[in-house]
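Inside the fold
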Amino acid sequence: MRALKVSDNKRFLTYADGKPFFYLADTAWELFHRLDRAQTLRYLTDRAAKGFTVIQAVVLAEIDGLNTPNMQGHRPLHDNDPTRLDEAYFADVDWVVDTAASLGLYIGMLPTWGDKWNKKWGIGPEIFTPDNAYTFGLWLGRRYRDKPIIWITGGDRPVETDLHREIVTRMANGLRDGDGGRNLVSFHPTGGRASSEVFHAEPWLDFNMWQSGHGRNAANYEKISSDYDRRDPVKPVLDAEPGYEDHPSAFKLDNGYLDQYDVRKSLYWSLFAGACGYTYGCHPIWQFWQSGREPRGYCRTHWEDALHLPGSGQMRHARALLESRPFLSRVPDQSLIVSEQREGSHHQQATLDAKGRYAMIYCPYYDHPTIDLAKLSNRDPVAYWFDPRTGTAATTSPIKRQGNHATYPTPYGGPDWVLVLDDPACNFPRPGAAVTEIL
């Protein structure tokens, strides 16, 4: 599989030849730790079929990944020493990486969960120093140099001391030295925080990650926008841990469980705010919960049943939509929307081709958007309503037009829809149509 890089305009990820790479990840933190090979193949095959491109998984896993053996009976380290790695365990990791690659999937590999360098909560123990963090990173980098890997340091813990920062930085530098800079590197932060807060200027950090967290209507578009607007240097950004499908909102049962509608809002809000990709998550799947295992949080669904929750199957439609139009020229632009902006489930988010050839507006509720057509290269665009549940699109016309302002009627049967406006001279395919390459 091809190596990845940051795009020339520093906003997206691409293959080495410059063609766009859509980072569409699933959260599978315990993949190396809690599945046997048959289960792993079943999981990876499902995710590849649903259009995912990245699987985020942790080598030294959160749920006692040091002392509880994996499903093959192996532990990763001898005496919990990061310089004494168990070859049998890493042969198991190799098998997962190679199997994923055979299905066209990259592994977003976290060398360790954060409780191994900051046991603010969790099982731990803290085992890393700056020196052994570098050694561990160097070893991993060398082993997976030529594999389809995206390195993700951190692991849901805050950087609270100079020592924490040094450990993370040294591990990242070890990864870089080990693989010769071949693979991208990022940092997975704790809830409500961003990699940019601590590491934005670090040369090893190729793109930023947010963890917008597990509450309903978390305004991740604000978080993505804050990093999109950063300079010195400009870097891509994505939401690497939004609210999980089938997770109690804000960890409280009284708030109900997040569902397909909630994960769609996070998806389109962040992408249209300028994110280079998105990470989906499902509460039973990250921990691969099943009967006989103590659940983390309020799990109610066996992980194999959770594979079929509707949200995961709907992620591909956003990918298909954006890949059916020029990809690397997409920019966020809220000035497209001239009608009243509201918050929560009424918040509309807009994105625009830098040349004005197309625009997309995500409308999560039955609020008819009024659009400034002067932002487009053709002020009489072809208009579609794109269904984020099915990936289908139907043409529409404005219900009101005054000068360059046009108001479009939101269809029933949603509640959420994407308005797509195209310059007819471009002859773009119907939104979401399978396209091999858009120039």
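Bear in mind the structure is a predicted one, so any value in this text is a computation, not a measurement.

**Some words on the sheet that holds strand β1 (residues 4-6)**
The three strands lie next to each other as β1-β2-β3, forming an open sheet whose pairing is antiparallel. Among the strands making up the open sheet, the edge pair consists of β1 and β3 (20-21).

**Considering the packing of helix α3 (residues 87-102) against helix α4 (residues 130-143)**
It is at 12 Å that the axes of α3 and α4 come closest, and there the two elements cross at 45°. Between α3 and α4, the angle falls in the class oblique. By crossing handedness, the relation of α3 to α4 is classed as right-handed. Residues E87, F90, A91 and D94 of α3 touch α4, and the partners they reach there are F136, W139, L140 and R143. Across the contact of α3 with α4, the residue classes break down as five nonpolar, no polar and three charged.

**Some thoughts on the nonpolar core**
Residues Y23, L31, Y43, M109 and F136 are the most contacted members of the largest nonpolar core, which totals 106 residues. Broken down by element, this core gets its largest block of residues, seven residues, from helix α8 (residues 260-272). Core analysis: the second largest hydrophobic core is formed by 17 residues, I361, C363, L376 and A406 among them.

**Brief notes about the side chain of D227**
Counting through the fold element by element, D227 comes out in helix α7 (residues 220-228). Look past the residues within four positions of D227 in its chain and what remains in contact with it is A194, S196, N208, W210 and V237.

**Things to note about the confidence of the model for the protein chain**
Per-residue pLDDT for the protein chain averages 96, and the proportion of residues at 70 or more is 99%. Scored below 50 in pLDDT, residues 435-439 makes ten contacts in the model with residues more than four places away or belonging to other chains.

**Observations concerning α4**
The end-to-end C-alpha separation of α4 is 20 Å, in line with the 20 Å expected for 14 residues at 1.5 Å each. Among the residues making up α4, those that are buried are P130, N132, A133, F136, G137, L138, L140 and G141. Structurally, α4 contributes buried residues whose contacts are with β5 (54-60), α3, β6 (106-112), β7 (149-154) and α5 (162-179).

**Some remarks on the sheet that holds strand β19 (residues 405-407)**
With respect to topology, three strands assemble into an open sheet ordered β15-β19-β18, the strand pairing being antiparallel. In this open sheet, the two strands that pair with only one neighbour each are β15 (370-372) and β18 (400-402). Within this sheet the neighbouring strands show an average axis-to-axis angle of 15°, counted without direction. By the bridge criterion, three bridges tie β15 to β19 in an arrangement that is antiparallel. Bridge pairing links T370 to T407 in β19.

**As for the pattern of salt bridges**
Side chains that differ in sign of charge can pair as their charged atoms come close. All told, the structure shown has 32 salt bridges when counted by the stated rule. Here D26 ties to R47 by a salt bridge, and the two come within 2.9 Å at their closest N and O atoms. In this pair, D26 sits in strand β4 (residues 23-27) while R47 sits in helix α2 (residues 37-49), placing the two residues 21 residues apart along the sequence. Residues D26 and R47 agree in their burial class; the two are buried. Of the charged contacts in the structure, one is a salt bridge between R170 and D131, with a shortest N-O distance of 2.9 Å. With a gap of 39 residues between them, R170 in helix α5 and D131 in helix α4 connect regions that are remote in the sequence. A relative accessible area of 28% means that R170 is categorised as partly exposed. Put simply, D26, D46, R47 and K50 are held in one network by salt bridges that share partners.

Conventions used here
Residues numbered from 1 in each chain as written. Predicted model: local features only at pLDDT ≥ 70, side-chain atom pairs only at ≥ 80, totals over all residues. Heavy atoms only, no water. Pairing = 2+ DSSP bridges. Helix = DSSP H or I, 4+ residues; strand = E, 2+ residues; numbered from the N terminus. Axes fitted to C-alpha atoms, helices over the stretch in contact; angles between N-to-C directions. Parallel < 35°, antiparallel > 145°, perpendicular 65-115°, else oblique. Left-handed = near helix turned anticlockwise from the far one by under 90°. Contact = heavy atoms within 4.5 Å. Nonpolar A, V, L, I, M, F, W, Y, C, P; charged D, E, K, R; others polar. Core = buried A, V, L, I, M, F, W, Y, C linked by side-chain atoms within 4.5 Å. Buried < 20%, exposed > 50% of the residue type's maximum accessible area, 1.4 Å probe, protein only. pLDDT = per-residue confidence, 0-100. Expected span 1.5 Å × (residues − 1). Salt bridge = Lys/Arg side-chain N within 4 Å of Asp/Glu carboxyl O.

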